[in-house]
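Here is how the chains run, residue by residue.
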Amino acid sequence: MKVASWNVNSVAARRDRLLAWLGKQQPDVLCLQELKAVDEAFPREAIEALGYQCAVHGQRTYNGVAVLAKSAIEDVRRNLDDGEPESDARLLSVRIGELRVICCYVPNGQTLASDKFSYKLRWLDRLHAYLQRHHDPSEPLLLCGDFNIAPEDRDCYDPEGLRDDVLMHESVRKKWRTLLSFGLVDSYRLHVSEPGKYSWWDYRMLGFPKGRGLRIDFVLATQTLAARCSSAAIDRDERKGKQPSDHAPVLASFELGPR
DNA sequence: ATGGTTGCTTAGCAA
C-alpha cells in the first residue's frame with residue numbers, strides 16, 4: 001500500500017499537476033492540504049475518473065483538506081470534535097478498510113508573538129487530545145499532513161539562523177514530541193537518516209534553487225504499521241518545473257499482506 | 001540590500 005501526503009497550495013491552481021501526479025504515482029491513499037477551495041470546486045469527477053474515491057473538507061480561500069483512496073472510504077469525520085469553536089478546515093479523518101487515515105493541516109503560526117502562534121500551539125495540544133480521545137496506539141493508524149514543524153536540526157537548511165522561526169522553535173518541537181508520544185513514528189526516518197532532505201521550500205528568495213528548505217510534511221504511523229513500512233521518499237522533482245506547489249509530496253509504502 | 005513569490009481575491013492577507 002502506497003500512501004502519500006501533499007500540500008498542493010490551491011487545488012485549482014494545481015489541478016493539472018495533481019491529476020498527472022496521480023496517474024504517474026498511483027498512490028493507494030493521498031492526503032491533500034491547503035485546497036483553498038470549497039467542496040463544490042474540488043475536481044472530484046476528474047479524480048474519480050482515475051479510479052479514486054474522495055472525501056473533501058473544503059474552505060473558501062484558506063485551508064481545506066481531502067483524502068483520496070483507491071478503495072472504499074468510510075466513516076468520514078471532520079475537525080477536532082472537542083467543542084471549541086473552529087472556523088478552519090484543517091482535519092479530516094476517514095476509515096479505509098482496517099486502516100484509519102487522518103489528514104491534517106497544522107496552523108503555520110505566522111510569527112512567534114502573534115495570536116496565530118498561540119493558536120498553533122493550542123491546536124497541537126488539541127490534536128494530541130483528539131488522538132487520545134478517539135484512538136488507541138495499537139490501531140493501524142496513519143496521521144499525514146503538513147505539520148508546519150521541522151522536528152530536528154537535520155530537517156532545516158539553517159538551524160542556527162532559524163532557531164526562532166515558527167517552524168523550528170523549541171516550543172513547537174516540544175509539541176511534536178508530545179504528539180508522537182501517542183505512539184506514532186515518522187515513516188521517512190525509518191529509511192533515511194541524512195540531513196538536507198526537505199519537503200517545503202519558500203517561493204521567495206529563490207528558496208528551491210538555493211536549497212533552502214525544511215522538512216515539515218509527514219506520514220506518521222502507529223507501530224503496527226511502522227513495522228511494515230518498506231520504503232519512504234520525498235518526490236522532490238514535483239517541486240520543479242512550471243507552477244509547482246511550494247511543497248513536494250511525501251510517500252511511504254506498507255506491506256499489508258495477510259497476517 | 002530588511003526585499004524577494006504565489007494564490008485568492010481584487011488591495012490585502014496568508015504562507
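The structure displayed is predicted, hence computed values, not measured ones.

A.B. asks: Give me the overall build of chain A: which residues, what numbers.
C.D. replies: Broken down by element type, chain A carries five helices and 14 strands. Taking 2.2 N^0.38 as the reference for a compact globule, 259 residues should give roughly 18 Å; the C-alpha atoms of chain A span a radius of gyration of 17 Å, in line with that estimate. With respect to the three principal axes, the spread of C-alpha positions in chain A is 45 × 40 × 40 Å. Taking contacts inside chain A between residues at least 6 apart in sequence as the whole, the part at least 24 apart equals 68%. A total of about 11300 Å² of accessible surface is found on chain A, and carbon and sulfur atoms cover 48% of it.

A.B. asks: I'd like to hear about empty space enclosed by the protein, residue by residue, with values.
C.D. replies: Applying the stated criterion across every chain, the model contains one cavity of 30 Å³ or more. In this structure, the largest cavity spans a volume of roughly 50 Å³. Surrounding the largest cavity, Ser-187, Tyr-188, Arg-215, Asp-217, Phe-218, Val-219, Ala-232, Ala-233, Ile-234, Val-250 and Leu-251 form its lining. Breaking the lining of the largest cavity down by element, the ones donating at least two residues are β12 (217-222), β13 (229-234) and β14 (250-254).

A.B. asks: I'd like to hear about the sheet that holds strand β3 (residues 53-57), residue by residue, with values.
C.D. replies: Ordered in space as β3-β4-β2-β1-β14-β13, the six strands form an open sheet in which the pairing is mixed. A single partner strand is all that each edge strand has here, and the edge strands are β3 and β13. For this sheet the average axis-to-axis angle between neighbouring strands, irrespective of direction, equals 10°. Strands β1 (2-7), β2 (29-33), β4 (65-69) and β14 of the sheet are contacted by helix α1 (residues 15-25), whose axis makes an angle of about 165° with β1.

A.B. asks: Report on helix α3 (residues 115-134), specifying residues and quantitative values.
C.D. replies: Counted at 1.5 Å a residue, the expected span for α3 with its 20 residues is 28 Å, and the 28 Å between its end C-alpha atoms agrees. Buried within α3 we find Phe-117, Tyr-119, Lys-120, Leu-121, Trp-123, Leu-124, Arg-126, Leu-127, His-128, Tyr-130 and Leu-131. Its buried side turned inward, α3 meets β5 (74-78), β6 (91-96), β7 (99-105), β8 (141-146), α4 (170-180) and β9 (184-186).

A.B. asks: Account for the pairing of β1, with residues named and values stated.
C.D. replies: A large share of β1 lies buried, amounting to five of its six residues. Where β1 and β14 come together, four bridges link them in antiparallel fashion. Its bridge partner being in β14, Ala-4 is matched across the sheet by Leu-251. Pairing of β1 with β2, which is carried by five bridges, proceeds in the parallel orientation. Bridge pairing in β2 places Val-3 opposite Val-29. Chirality of the crossover, the property in question, places the unit of β1, α1 and β2 among those that are right-handed.

Calculation notes
- Within every chain, residues take consecutive numbers counted from 1 along the sequence as written.
- Chain letters start at A and ligand numbers start at 1, both assigned in the order the entries are written.
- Local features in this predicted model are restricted to residues of pLDDT 70 or higher, and side-chain atom pairs are both shown and tallied only at a pLDDT of 80 or more, whereas totals for entire chains, interfaces and linings draw on every residue.
- For side-chain calculations, the full set of non-hydrogen atoms in the structure is used, while hydrogens and water are omitted.
- For helices the rule is a DSSP run of H or I covering at least 4 residues; for strands it is a run of E covering at least 2, with both sets numbered from the N terminus onward.
- Radius of gyration here is computed from C-alpha atoms only, and the compact-globule reference equals 2.2 Å multiplied by the residue count raised to the power 0.38.
- Contacts are assigned to residue pairs that have any heavy atoms within 4.5 Å of one another.
- Per-residue and other accessible areas follow the Shrake-Rupley method at a 1.4 Å probe size, with only the shown protein chains counted as cover for residues.
- Cavities and pockets are defined on a 1 Å grid built over the protein atoms alone: a cavity is a set of grid points where a 1.4 Å probe fits but cannot escape, while a pocket is an open set with protein on both sides within 12 Å along at least five of seven lines, and lining residues are those with an atom within 4 Å of any such point.
- Grid points are joined across faces, edges and corners, and a volume is the space filled by probe spheres set on the points.
- Note: two strands are recorded as paired if DSSP finds a minimum of 2 bridges between them.
- A fitted line through C-alpha atoms represents every axis, and for helices the fit uses only the stretch in contact; the resulting angles, taken between N-to-C directions, go from 0 to 180 degrees.
- The length a helix should cover is 1.5 Å for every residue beyond the first.
- Three exposure classes are used, based on accessible area relative to the maximum for each residue type with a 1.4 Å probe and protein chains only: buried under 20%, partly exposed in between, and exposed over 50%.
- Crossover handedness is defined here as right-handed if the route from the first strand over the helix to the second strand goes clockwise, with the strands pointing away from the viewer.

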